[in-house]
Amino acid sequence: MTDSATMSVTGRLVPEPVLAPTPILELRDLHASYGAIEVLHGMDMIVPAGGIFAVLGPNGAGKSTMLRVVAGLHAPSGGSVLLGGRDVVRARPDELARRGVCLIPEGRGVFPNLTVEENLRLIGHLGASMSEIEQRTYEQFPRLAERRKQLAGTMSGGEQQMLALARAVATKPGLLLIDELSMGLAPKIVETLYELVAQIAQDGVTVVAVEQFARTILGIASSAVVVTTGRIVMAGGPHEVESELSGLYLGDTGA
Amino acid sequence: MQDLLAYTIFGLVTASIYAIAASGLVVTYTTSGVFNLAHGAIGMFGAFIYWQLRFSWGWPAWIALLLVVFVLSPIFGCGLEKALMRNLTDATEATKLAVTIGVLVALVGAATWIWDPNLSRPFAAFYQGNKVDILGVPVTWDQLITVGIGALCAVGLRVLLYRTRIGLDMRAVVDDRALVLLNGGRPDRASMFSWAIGSMLASLAGILIAPYIQLSVVPLTLLVVNAYAAAVIGKLRSLPLTFLGAAIIGLLQSYAVGYLPTSTVQWMQHVPDTIPILVLFVALLVLPHQRLRGHTGRRGRESFPVPTYKMALIGSAVVVGLACALAPLLSTQPLFSMSSGLGLGIVGLSLVPLLGYGGQISLCQMTFAGIGAVVYAHATGGGSPLGLVVAFVVAAAVGALTALPAIRLRGLYLALATAALAEFCDTFVFGLSSVTVFGHHIPLFGNGTLPAARLQVPFVDVSNDRVYLVVLAVIFCAIGFGIVALRRSRHGRVLLAMRESPAACAMLGLRLTTVKLAVFSLSAGIAGVGGALLAGLSTQVAPDQFSFFQSLPLLLLMMAGGVGMVSGAFFGALALGLFSTLGTMSSLFSRGSSLLPGLVGIGLGSQPNGVASDIGAGLSALVRRRGAQVPAVETDVVTEGWDEQCIEWEFLGMDGRISRREQQILDDSLGLKVG
Ligand SMILES: Nc1ncnc2c1ncn2[C@@H]1O[C@H](COP(=O)(O)OP(=O)(O)OP(=O)(O)O)[C@@H](O)[C@H]1O
Ligand SMILES: [Mg+2]
């Protein structure tokens, strides 16, 4: 109890961009490895507060690894991660979560053997009241309200990702990290999901989204980077990046 | 009809106790990922403390019960989690199991130390003597209470898991540990809570069953085997199925007592005791194949250098030299201790290919040794070397049969199957007076000992104990040399690959089941040879030498020595010899003799490599400091990045070359090539 209270005093990320003149997230010369194999070879990246920040790149480039490092799931082998100007490299993932960093991991970010309601109830850790969370969530995601007693694992892929989004939003994050929301979903559903993401961003949450559906994400992003083999090879506005990307290896279906 | 009802009621009583024990096991295993083999030992300890409070000090039953179950047990469980289990999240399955075995062995040591096992301790059931009549069948109050508590546990666990916040957390941790962290939850708190619950249920089961099987250390400790038989039916994760499993086992056991001619047919006497074990084997046979996972999050911290023939030669010279030097000096007792240490060391060597290289844990090597001893004693009148061969072959065959049901499952199930075999032999096979195989009459222990001749070696007088020590040392080195050769061959690398990443191997077309079966049989065979040599040492064999309970300290000391290296088995053997010498020197030590190996086993949690590799590294550092040129330690163990390593290995595609298609599968699934 006590630690969550101090936590919010010490440095919960502030959702409003105006209050944060420093970039909300900054990577400086970030290195990460699995055992002896290095997969991030010095990444520098600045994510300004507000808006959607797109991360593109081929399979195995290290995008997921980068997000895992930021969320505290994987310890980097060098460099630093600054959240709102503070180095958080040593922080545990649950501490970061309580400070307002929320990662929706690759795959389905839900607990398959818990019901929808229970999936939402888990975030009670963060001090919010349950009825309030449920009310707000079901308002924003009416589809979930119909399925509150269903096991999350039995819902369709799109519904599961919607639940993951809903749970993430309910934690009132300052920084939302999304890893391939679209994985294994039909383009139509992906569009819907990203409309929701755009709405979330509009409410003041900074979103970093790793995505293979380049055109979809660039359509709503305010800036973007391209990662290949553990390095940022390009950074800029969405249009800039898109023109460079066209006809490249990403196999974007965009349609 | 009346009988059937009576047996059914009694079956339900046992079933309730098994269910209480098994559900505790399942709750801790699913939430924390550690399969607690010490579960029964915790129950045993709880029952002893209860006895102390209730019957020795005369406290009221309910105060003693509340104190043990709701205060001491959860404190113990939380302590275990915090001190040991928490640090095991990324340890290998073998290390996890070894640490819990360490706890088991230490608890048994502590209990025998505190409560002299030679005294009898009457343990009255609750409200002893009070009965009610149910449809004409007299049922004791205590039986009713037991069934009631069992039902209460079922309901209580259900409510806990589905109606409370901490239960929700526990289920979430079972589903996806990392995701709980990402949501700001604390999986370690859920784990700790699950250990507290597990210990409470263990103690409760121990206290409830003690009146039926008497308050003695080993049977209560081994209750865990019956409990996990029920848990395996629940695939180690479903509580309702676990309760069903417990019901099946309890009822079958009760009916077996009732309807098998156990009192008239002598060999049937112990059949009811084997029911849980038989059910376990059947359950293993029908359990569905488990999917292999590539990144299991398990990153072995164990790594051992590749042995060289030169080092093996030097090592052999040292071992044989040491034996020659010590043999004339030692007096009778230490000489016997050292010899039996070496004999056990040979059994321990069998773990090097199996556990050290292949990563498969076996809890019944002493049982294989016992089988080897029996066969050897029978096969050779005069101790001909042929007896060793027969011992090897028979033990290997039994090993293959044991492994067969579990071989396609995860390593944990194989370990459980081996413990079940050990229990089966202890309670049933070794107690028979003889068996007849293909018309061949083989005498077994019955209730006594079997005479066995010493191995005859040309030109040496083996009847001299000092000479036999040297003979044992030579055989130890010969087998060790064979194991080094295995390690350096292609088969050795396949074994290592199996340990490091079953998924990667399966993908490359390696037949893992064949590999596992082969190494398991080999290992059982070596253990059989060790048993035969041990039989020769004392020229007679008794069943308790080869009980399940002897396998556990052996395993721990071998792992502490460093089970990935032949030299590790030697250190293990040395430690066994020393501990047993200590045991003969003071009665204090002999009583709690398993305390030391237990503590050693617990230490494995932080030092999974054992001492051999440390000593090796220390030695080479020493040599280097003296200016000699030492080649860098040759290591090819993959502790990380299995994908890269597998690709380098020559066994890819079995003939050393990778086909186009295999290359593509590799690229696709490992994401090694980009773009
Ligand atoms: N647990 C792991 N152990 C070893 N190597 C890993 C592990 N996870 C990822 N890798 C390796 O790290 C590299 C980067 O992986 P990562 O998952 O970050 O890529 P990615 O950009 O997210 O790819 P994708 O688009 O396919 O999701 C890959 O080469 C991968 O093989
Ligand atoms: Mg990824």
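Residues numbered from 1 in each chain as written. Chains lettered and ligands numbered in written order. Predicted model: local features only at pLDDT ≥ 70, side-chain atom pairs only at ≥ 80, totals over all residues. Heavy atoms only, no water.

Participant: Describe the overall build of chain B, with residues and values.
Facilitator: Regarding its fold elements, chain B presents 29 helices and six strands. When burial is assessed residue by residue, chain B has 55% of its 675 residues classed as buried. Taking all contacts inside chain B whose residues are at least 6 apart in sequence as the whole, residues at least 24 apart take part in 78%. Summed over all atoms, the accessible surface of chain B reaches about 27,700 Å², with 66% contributed by carbon and sulfur. (Helix = DSSP H or I, 4+ residues; strand = E, 2+ residues; numbered from the N terminus. Buried < 20%, exposed > 50% of the residue type's maximum accessible area, 1.4 Å probe, protein only. Contact = heavy atoms within 4.5 Å. Areas by Shrake-Rupley, 256 points an atom, 1.4 Å probe, with all protein chains shown as cover.)

Participant: Could you give an account of the interface of chain B and chain A, with specific residues and numbers?
Facilitator: It is common to report an interface's size as the accessible area lost on association of the parts. Tallying the contact residues gives 24 residues for chain B and 31 residues for chain A. Taken over both partners, the interface formed by chain B and chain A buries close to 2,300 Å², and the fraction arising from carbon and sulfur atoms is 63%. Linking chain B with chain A are seven residue pairs in polar contact (both at pLDDT 80 or more). Of all elements in the fold, only helix 6 (165–175), helix 7 (177–182) and helix 28 (642–648) of chain B reach the threshold of two or more residues within the side of chain B that touches chain A. Considering every element that reaches the side of chain B that touches chain A, the biggest residue donor is helix 6 of chain B, with six residues. Its residues placed into classes, the side of chain B that touches chain A shows nine nonpolar, four polar and 11 charged. (Buried area = accessible area lost by both parts, 1.4 Å probe. Polar contact = N/O pair within 3.5 Å; in protein donor to acceptor, adjacent residues only side chain to side chain. Nonpolar A, V, L, I, M, F, W, Y, C, P; charged D, E, K, R; others polar.)

Participant: Run through the pairing of strand 1 (residues 131–134) of chain B, naming residues and quoting values.
Facilitator: Relative to strand 2 (residues 137–140) of chain B, strand 1 of chain B is paired through four bridges, and the arrangement is antiparallel. By the bridge assignment, B:Ile134 is partnered in strand 2 of chain B with B:Val137. (Pairing = 2+ DSSP bridges.)

Participant: Go over the sheet that holds strand 6 (residues 101–104) of chain A with me, naming the residues and quoting the values.
Facilitator: Residue and element names in this part refer to chain A. On the basis of which strands lie adjacent, the open sheet formed by six strands has the order 6-7-8-3-9-10 and mixed pairing. Pairing within the sheet leaves two strands with one partner each, and these edge strands are strand 6 and strand 10 (231–236). Strand-to-strand twist across the sheet, computed as the mean angle between neighbouring axes with direction ignored, equals 15°. Bridge count for strand 6 against strand 7 (residues 175–179) is four bridges, and the pairing is parallel. Within strand 7, the position partnered with Val101 by the bridge is Leu175. Packed onto the sheet, helix 7 (residues 157–170) meets strand 6 and strand 7 and runs at close to 175° relative to strand 6. Running over the sheet, helix 8 (residues 187–202) touches strand 3 (52–56), strand 7 and strand 8 (206–210) and is turned about 150° from strand 8. (Axes fitted to C-alpha atoms, helices over the stretch in contact; angles between N-to-C directions.)

Participant: Could you give an account of the coordination of the magnesium ion (ligand 2), with specific residues and numbers?
Facilitator: Residue and element names in this part refer to chain A. Looking at the magnesium ion (ligand 2), one finds its protein donor set to be Ser64 (OG) and Glu106 (OE), positioned 1.8 to 2.3 Å from the metal centre. Of this pair, Ser64 sits in helix 2 (residues 63–70) while Glu106 sits in the loop between strand 6 and helix 4 (116–121); the two residues are 42 residues apart in sequence, bridging distant segments of the chain. According to the relative accessible area criterion, Ser64 is buried, its value standing at 16%. Judged by its relative accessible area of 40%, Glu106 is partly exposed. (Donors = N, O, S within 2.8 Å, 3.2 Å for Na, K, Ca; no water.)

Participant: How would you explain the sheet that holds strand 1 (residues 25–34) of chain A if you had to name every residue and give the values?
Facilitator: Residue and element names in this part refer to chain A. What the four strands build is an open sheet, ordered 2-1-4-5; its pairing is antiparallel. With one partner strand each, in any of the chains shown, strand 2 (37–47) and strand 5 (86–87) form the two edges of the open sheet. Sheet topology places strand 1 next to strand 2; eight bridges connect them, and they run antiparallel. Opposite Leu27, over in strand 2, you have Met45 as the bridge partner.

Participant: So what's going on with the pairing of strand 4 (residues 78–83) of chain A? Residues and values would help.
Facilitator: Residues and elements named next belong to chain A. Note: strand 1 against strand 4, five bridges, orientation antiparallel. Among the inter-strand pairings, His31 is bridged to a residue of strand 4, identified as Gly78. Connecting the antiparallel pair strand 4 and strand 5 is a turn made up of two residues, with Gly84 showing a positive phi of about 55°.

Participant: Describe the domain arrangement of chain B, naming the residues involved and giving the relevant values.
Facilitator: Residues and elements named next belong to chain B. Each domain of chain B was delimited in the assignment, giving domain 1 (2–112 + 121–286), domain 2 (309–601 + 609–620) and domain 3 (634–675). The C-alpha centroid of domain 2 is placed 31 Å from the C-alpha centroid of domain 1. Facing the 37 residues of domain 1 at the interface are 38 residues of domain 2. Taken together, the two surfaces of domain 1 and domain 2 that pack against each other cover about 3,100 Å², and 77% of this comes from carbon and sulfur. A per-residue breakdown of the area domain 1 buries against domain 2 is headed by Val105, Phe281 and Leu284, which together make up 18% of the total. In this structure, the connection of domain 1 to domain 2 is made through zero salt bridges. The set of elements that each furnish at least two residues to the side of domain 1 that touches domain 2 consists of helix 4 (93–114), helix 10 (223–233) and helix 12 (271–286). By residue number, the principal contributor to the side of domain 1 that touches domain 2 is helix 4, which donates 15 residues. Among the residues forming the side of domain 1 that touches domain 2, the class breakdown is 27 nonpolar, seven polar and three charged. (Domains from an automatic or database assignment. Salt bridge = Lys/Arg side-chain N within 4 Å of Asp/Glu carboxyl O.)

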